[in-house]
Amino acid sequence: MRVLIVEDEERLARSVASVLREVASFAVDIALDGEDGLHHARTNPYDLIILDLMLPKIPGLRVLSSIRSEGRGVPVLVLTAKDSTEDVVRGLDLGCDDYLTKPFEMGELVARCRALIRRSYGRPDATVRAGGLEVDPRRRVVRQAGKEHVLPAMEYRLLELLAMRAGEVVSKEDILEHLYDFDAERFSNVIEVYISSLRKRFGADLIQTLRGQGYRLLESAP
Ligand code: CA
C-alpha cells in the first residue's frame, strides 16, 4: 500500500511517515506544499492521501477539490487544526473520506488509514480473507490453516496488496507502484523472487502467473 502525506510541518510529516512505514508497512511519499502534493497525486497511484489543510502554495481544500474534479477516487484523510469545524464540513462536502484534528494519536491515525484503505478495496473486515489466508494488517501476520506466519516486510506488502485485490490480475508495474515510494529503486525481477517465496510458504497454486499480464491471488483456497 502506498500513501502520500501532504503536510508542510516537516517534522510531523516525517514522524507520520516513519510510523506508517514501520507499523503499517506502507510505502510513503511526502509533499511539503499543496502544489507538490497535487503533482504527486496526479502522477502516482496512491492507496491513500493524508492531506493537511493549511498548506503553502495551494491550500488543502483546493488540492482536494482538484483531485476529485479530475475523477480520482483515492481515499483522502484530512488533517485539521482545532476549532475548524467549518473546514471539516467543507472538506467532507468536497469529498474527503475522514478527518483527524491535530494533535492526534499516531495509533488512531494508523487505524484510520488502514480502515480507509480496506474499505476502498471493498474489504470492510479488519482481517482480509482470501485464498484460504487470513491477512491481519493490525499485527502484520498471516494465518493459514491455523498456523501463523510472520513475513519479511516486502513479502508482506506484496501479499497484502494481492489479497486486497484477490481474484483480480495485478500487473508487475502496478505492484511496483504500490510497493515502493518514489525514492526507492525498482527492480521488477525482485517481484518474481517474492512471489516464489510466497508460493513456497503458502502453496504453489495460491498465486497464478498470467503471462504478460501479471499475478492473481485466488479469492477461494485452491
Ligand atoms: Ca500546515
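One structure accompanies this document, and this report is about it.

Analysis parameters
- Residues numbered from 1 in each chain as written.
- Predicted model: local features only at pLDDT ≥ 70, side-chain atom pairs only at ≥ 80, totals over all residues.
- Heavy atoms only, no water.
- Donors = N, O, S within 2.8 Å, 3.2 Å for Na, K, Ca; no water.
- Buried < 20%, exposed > 50% of the residue type's maximum accessible area, 1.4 Å probe, protein only.
- Axes fitted to C-alpha atoms, helices over the stretch in contact; angles between N-to-C directions.
- Helix = DSSP H or I, 4+ residues; strand = E, 2+ residues; numbered from the N terminus.
- Parallel < 35°, antiparallel > 145°, perpendicular 65-115°, else oblique.
- Left-handed = near helix turned anticlockwise from the far one by under 90°.
- Contact = heavy atoms within 4.5 Å.
- Nonpolar A, V, L, I, M, F, W, Y, C, P; charged D, E, K, R; others polar.

### Observations regarding the coordination of the calcium ion
Right, on to step 1. For the calcium ion, the full set of protein donor atoms is D8 (OD), D52 (OD) and M54 (O), at a range of 2.1 to 2.3 Å.
Right, on to step 2. Ordering the donors of the calcium ion by residue number gives the pattern D-x43-D-x1-M.
Right, on to step 3. Look at D52 and you get buried, because its relative accessible area is 4%.

### Here's the deal with the packing of helix α2 (residues 34-43) against helix α3 (residues 60-69)
Right, on to step 1. Between α2 and α3, the least distance of the axes is 10 Å, while the angle of their chain directions is 20°. Comparing the axis directions of α2 and α3 gives the class roughly parallel. Classified by chirality, the crossing of α3 by α2 is right-handed. Where α2 approaches α3, its residues G34, L38, A41 and R42 are matched on the opposing element by V63, S66 and I67.
Right, on to step 2. A per-class count over the contact of α2 with α3 returns four nonpolar, two polar and one charged.

### A short note on unusual backbone geometry
Right, on to step 1. A cis amide bond links K102 with the next residue in sequence, P103, at an omega value of -5°.
Right, on to step 2. Inspection of the secondary structure puts P103 in the loop between β5 (98-101) and α5 (106-120).
Right, on to step 3. Look at R140: it is not a glycine, yet its phi comes out positive at around 55°.
Right, on to step 4. Accessibility expressed as a relative area gives 23% for R140, which makes it partly exposed.
Right, on to step 5. One non-glycine residue, A145, adopts positive backbone phi at about 50°.
Right, on to step 6. Residue placement: A145 occurs in the loop between β8 (141-144) and β9 (147-149).
Right, on to step 7. We classify A145 as exposed; its relative accessible area is 81%.

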